Amino acid sequence: MSITILKNALIFDGRNETLIDGGSVVIENDRIREVSEGSANLANANTIDLGGRFLMPGLLDLHFHAYSISFNMHKLDHMPKALLVSHAIRLMEGALQRGFTTVRDPGGGDIGLALAVDAGLINGPRFLYGGKALSQTGGHGDMRPADEEPGCGCTYSGTICQVVDGVDEVRKACRDELRKGASHIKLFISGGVASPTDPIWMPQFTDEEIQAAVQEAASRRKYVVVHCHTDDGARRSLRNGVRSIDHATEVNADTAELIAAQGGCYTVPTLAVVRQILDFGADMGMFPQSLEKVKPLYERMLTSVENMHRAGVKMGIGTDIFGPEYHHLQSNEFQYRGEVQPAIDVLRSATSIGAEIIQQTGQVGEIIPGAFADMIVLDKSPLDDLSVFQRSGQMPVIVKGGNIKRNKL
């Protein structure tokens, strides 16, 4: 039995705005055993004095692609698997060093990466994967240029996505990904930026196809994540039983009210990737059509987040960054969200609400007895400055599953 005590901390537990000042957390093996308002003292415990620093749950990124090596999808799809995996290891280990102790990969991530994390071969976050995301022919996940003539007539299946058409193909693909341990199923139900042939406003997959995916996921007590930029797509998601609406770029005030009222449906905005493309897209090998599509999206997404916040929609944190040289931008998501949300709500999105979305309430995203001991320490309170997440030097301690991944105190 291993016991570690983190003492003399200003504790945000993942939910409550009232902080515990001078509190202690007792870690037994990989779990939190006790949270106290004062000092905890146990014989033979490894004690770390945090000197009044800010202690909070480890962060959750619910839109993280481990194989997000390049926005050049042709290059990505033709990269040797060993090279892809080598890049993924570096990206996952980098995410943990930024304080993300859990990530959800809604497109591309697979059982091999998850098993490697569990075996300690990758020093990365808890890894929840959905396998290859599902797209219709000509949808956002169909990365073939319009002028490409497939030599074999094969259905497209790339690194991140696979093409399926019709209810039966959707069911078969869902069953196969769930067989391989997927924690969720991902569908593209609106147009997107990275794909070359579909406009943003385009509705994708029929209601019947979406319902088939929802039914198959429910049979394993799992859920459906959708790529969705449009307000119409958000309403279709709500109507058809989708749990996680990712991007949620153009949700108007009325639709936000509907999402909040129904319950069981959440959104995961991804401001960081939109800013990445706006700032660096011309240097990233993206299709010219993609650069045109992204121009109006950032302000629309800010308005959408503001609408959802006012309505009381539960939102997670997602980033969707592509390219190894850009993954440091992952932590910028907090500051962007802080433009339209109070800091306390941004922190809840990155912790307890994220855990609720991925069906892990009480396991991650909270500092409570029984939860996994996933925590980070910050030199400065993010309630005063959300940009603190961008400065790794001000995150002196990172704990995942009771293991001290960083201690610079």
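Given the structure is predicted, the values throughout are model-derived calculations rather than measurements.

Close approach of charged atoms allows side chains of opposite charge to pair. Counted by the stated rule, this structure contains 21 salt bridges. The partner of aspartate 246 in a salt bridge is arginine 104, with the nearest N and O atoms 3.1 Å apart. Highlighted residues: aspartate 246 in strand β13 (residues 244-247) and arginine 104 in strand β7 (residues 100-105), separated in sequence by 142 residues. Residue aspartate 246 is classed as buried on the basis of its relative accessible area of 0%. Residues joined in a network through salt bridges with shared partners are Asp176, Glu177, Arg179 and Lys180.

Moving on, we get to the nonpolar core. Side chains of nonpolar character tend, in soluble globular proteins, to be buried together. In terms of nonpolar packing, the biggest core is built from 100 residues, with Leu187 and Phe389 touching the most fellow members. Among the elements that line this core, the one with the most residues is helix α10 (residues 297-311), at 7 residues. Not counting chain neighbours up to four residues away, the residues in contact with leucine 187 comprise Leu134, Phe205, Ile210, Ala213, Val224, Val225, Val226 and His227. Core analysis: the second largest hydrophobic core is formed by 16 residues, Ala9, Val25, Leu55 and Val399 among them.

Within the open sheet, the 3 strands sit side by side as β6-β7-β8. Their pairing is parallel. Each end of this open sheet is capped by a strand with a single partner; those strands are β6 (59-61) and β8 (126-129). Looking at each pair of strands side by side, their axes are set apart by 15° on average, direction ignored. Pairing geometry for β6 and β7, over 3 bridges, is parallel. Note that in β7 the partner of leucine 60 across the bridge is threonine 102.

As a further point, take the packing of aromatic side chains. What the rule picks out here adds up to 6 aromatic pairs. Consider the rings of phenylalanine 71 and phenylalanine 322, whose centres lie 4.6 Å apart with planes at 20°: the pair is stacked. Linking phenylalanine 71 in the loop between β6 and α1 (73-77) with phenylalanine 322 in the loop between α10 and α11 (333-337), this pair joins segments that are 251 residues apart in sequence. Looking at phenylalanine 322, the relative accessible area reads 4%, which means it is buried. With 4.2 Å between their ring centres and 25° between their planes, phenylalanine 334 and phenylalanine 389 make a pair best called stacked. Here phenylalanine 334 is found in helix α11, whereas its partner phenylalanine 389 is found in the loop between β15 (375-378) and β16 (397-400), with 55 residues between them in sequence. On the accessibility criterion, phenylalanine 389 (2% relative accessible area) is buried. Site record: aromatic cluster; members linked through ring pairs are Phe100, Phe334 and Phe389.

Conventions adopted
Every chain is numbered on its own, with residues counted from 1 as its sequence reads. It should be noted that, the model being predicted, local features are given only for residues of pLDDT at least 70 and side-chain atom pairs only at 80 or more, the latter also being counted only at that level, while totals for whole chains, interfaces and linings use all residues. To obtain the side-chain values, all non-hydrogen atoms of the structure were used and water was disregarded. Salt bridges are defined by distance alone: a side-chain nitrogen of Lys or Arg within 4 Å of a carboxyl oxygen of Asp or Glu. Here a strand is any run of E in DSSP of at least two residues, a helix any run of H or I of at least four, and the numbering for each starts at the N terminus. Here's how the labels work: a residue is buried when its accessible area is under 20% of the maximum for its type, exposed when over 50%, partly exposed in between, all with a 1.4 Å probe on protein chains only. Note on terminology: a nonpolar core comprises buried Ala, Val, Leu, Ile, Met, Phe, Trp, Tyr and Cys residues joined through side-chain atoms within 4.5 Å. Note on definitions: a residue-residue contact is assigned when non-hydrogen atoms from the two residues lie within 4.5 Å. When DSSP locates at least two bridges between a pair of strands, those strands are taken to pair. Lines fitted to C-alpha atoms define the axes, with helix axes restricted to the stretch in contact, and inter-axis angles between N-to-C directions lie between 0 and 180 degrees. Working definition: a ring pair exists when centres of Phe, Tyr or Trp rings (six-membered ring for Trp) sit within 6.5 Å. Plane angles under 30 degrees give stacked, over 60 give edge-to-face, the rest tilted.

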